[in-house]
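Residue strings, one per chain:
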Amino acid sequence: MGYSDDVRDWAVAAGVRAVKTFAQTLAALIGTGAVGFTDLDWVRMASVAGVAAVLSLLTSVAGLPEAGNKSPLAQHFKEE
């Protein structure tokens, strides 16, 4: 498996994790339904969930179990 394959595997795993984080954060912000569905501030909720997804991607730089704990950034520094 070459370097580009490792990067691709990491990117797919990190992307899936970020999408899951986005969905989980959005679900948590919806809450118990104490307010009406149309009363929710969807733009603000999507913004908060988006920030959570970005943080998930940044955290994934350290490595992902789904990608064999490989990190493209770590591999880059090992090769130099």
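Notes on the overall build of the protein chain
Right, on to step 1. Across its full length, the protein chain holds 3 helices and 0 strands.
Right, on to step 2. When the elements of the protein chain are put in sequence order from the N terminus, they spell out α-α-α.
Right, on to step 3. Looking at the protein chain as a whole, 26% of its 80 residues are labelled buried.
Right, on to step 4. For the protein chain, long-range pairs separated by at least 24 residues make up 69% of all intrachain contacts whose partners lie at least 6 apart in sequence.
Right, on to step 5. Entry remark: accessible area of the protein chain is about 5,500 Å², with carbon and sulfur atoms responsible for 65%.

Regarding the confidence of the model for the protein chain
Right, on to step 1. Here the protein chain averages 79 in pLDDT, while 72% of its residues score no lower than 70.
Right, on to step 2. The secondary structure element of the protein chain with the lowest average pLDDT is helix H3 (residues 72–79), at 57, and the one with the highest is helix H2 (residues 42–60), at 92.

What to know about the side chain of Thr 25
Right, on to step 1. Relative to the assigned elements, Thr 25 resides in helix H1 (residues 3–30).
Right, on to step 2. The exposure class assigned to Thr 25 is buried, which follows from its relative accessible area of 18%.
Right, on to step 3. Within the structure, Thr 25 has its side chain in polar contact with the backbone oxygen of Thr 21 (distance 2.8 Å).

Focus on H2
Right, on to step 1. An ideal rise of 1.5 Å per residue puts 27 Å on 19 residues; H2 measures up with 27 Å between its terminal C-alpha atoms.
Right, on to step 2. Along H2, the positions that sit buried rather than exposed are Met 45, Ala 49, Ala 52, Ala 53, Ser 56 and Ser 60. What you see down the axis of H2 is that its buried residues fit within an arc of 100 degrees, all on one side. In this structure, H2 carries Val 43, Arg 44 and Leu 58 as exposed residues pointing more than 90 degrees from its buried face.

Definitions and limits used
Residues numbered from 1 in each chain as written. Predicted model: local features only at pLDDT ≥ 70, side-chain atom pairs only at ≥ 80, totals over all residues. Heavy atoms only, no water. Helix = DSSP H or I, 4+ residues; strand = E, 2+ residues; numbered from the N terminus. Buried < 20%, exposed > 50% of the residue type's maximum accessible area, 1.4 Å probe, protein only. Contact = heavy atoms within 4.5 Å. Areas by Shrake-Rupley, 256 points an atom, 1.4 Å probe, with all protein chains shown as cover. pLDDT = per-residue confidence, 0-100. Polar contact = N/O pair within 3.5 Å; in protein donor to acceptor, adjacent residues only side chain to side chain. Expected span 1.5 Å × (residues − 1). Arc of directions from axis to C-beta.

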